[in-house]
Each structure stands twice: as structure tokens, then as C-alpha cells.
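A look at the structure
As a plain string of letters, each chain reads:
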Amino acid sequence: MDTKQKLIDQIKIVIHRLETDYKKDINGGVLNLIYTRYNDALRILESHKDLKGINILGGVRAYMDSYIDYQNILLQEMHTAENLIKDLHIS
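Let me begin by describing the structure that accompanies this report. (Residues numbered from 1 in each chain as written. Predicted model: local features only at pLDDT ≥ 70, side-chain atom pairs only at ≥ 80, totals over all residues. Heavy atoms only, no water.)

With 18 residues, helix α2 (residues 29-46) ought to run about 26 Å at 1.5 Å a step, and its terminal C-alpha atoms sit 26 Å apart, in line with that. Against α1 (3-21), α3 (59-66) and α4 (73-87) lie the buried residues of α2. A positive backbone phi angle near 60° is found at H48, which sits one or two residues after α2. (Helix = DSSP H or I, 4+ residues; strand = E, 2+ residues; numbered from the N terminus. Expected span 1.5 Å × (residues − 1). Contact = heavy atoms within 4.5 Å.)

Here you go:
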């Protein structure tokens, strides 16, 4: 599987986790920003638009600055997505 497809799959994992685990919280604050950026990234990737429009880097940091739960699985999933973005050299 190529890196772009891995990134698409990883972004879907993050979105699913946000929609499942943070359903009540994704309508505002930092979680809404993260959720919006991941949905935008998925749209860009699936529509084959310019990948430079993807803006998910920094989501891990934003979460950590807002919440104390550093062992959260969401952080791990977002970290994986951010590393895949870096692998595509579109940061």
C-alpha cells in the first residue's frame, strides 16, 4: 500500500475515533478544529486536489495543550497521521 493510501486510511481512523469517542465534544473548541481539519484533509486526498492544502500538522500538540490525557489512543492515531504527512513531504 502506498503512503497516500495509508494516510487516507489513517485519517479515516482519526475521524472515526473523534466521531465515536468525542461525539459531544467535536462541535467546539480544539476538537472541532482537529475534526474539521481531518475532514478537509480527507476531502483533498479523495478528490486528488493539491496536497499542500492539507493542514493537520500540529493537531497532536493542540490536543496536548488542551487536555491532560497524554496516553489517549487518539493522540497515537493523530501522531501516525502526522508522520505519514511528513513522509509525503507536504508539510
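Before going further, it helps to examine the nonpolar core. Note that soluble globular proteins tend to have their nonpolar side chains buried in a common cluster. Counting residues in hydrophobic clusters, the biggest one holds 28 residues, and the most contacted among them are I11, L18, Y38 and M78. Where this core is concerned, the elements lending two or more residues are α1, α2, α3 and α4. Broken down by element, the residue count for this core peaks at 9 residues, all from α2. Sequence-distant contacts of L18, that is, excluding residues within four places in its chain, are made with K23, I26, L31, I34, Y35 and L74. (Core = buried A, V, L, I, M, F, W, Y, C linked by side-chain atoms within 4.5 Å. Buried < 20%, exposed > 50% of the residue type's maximum accessible area, 1.4 Å probe, protein only.)

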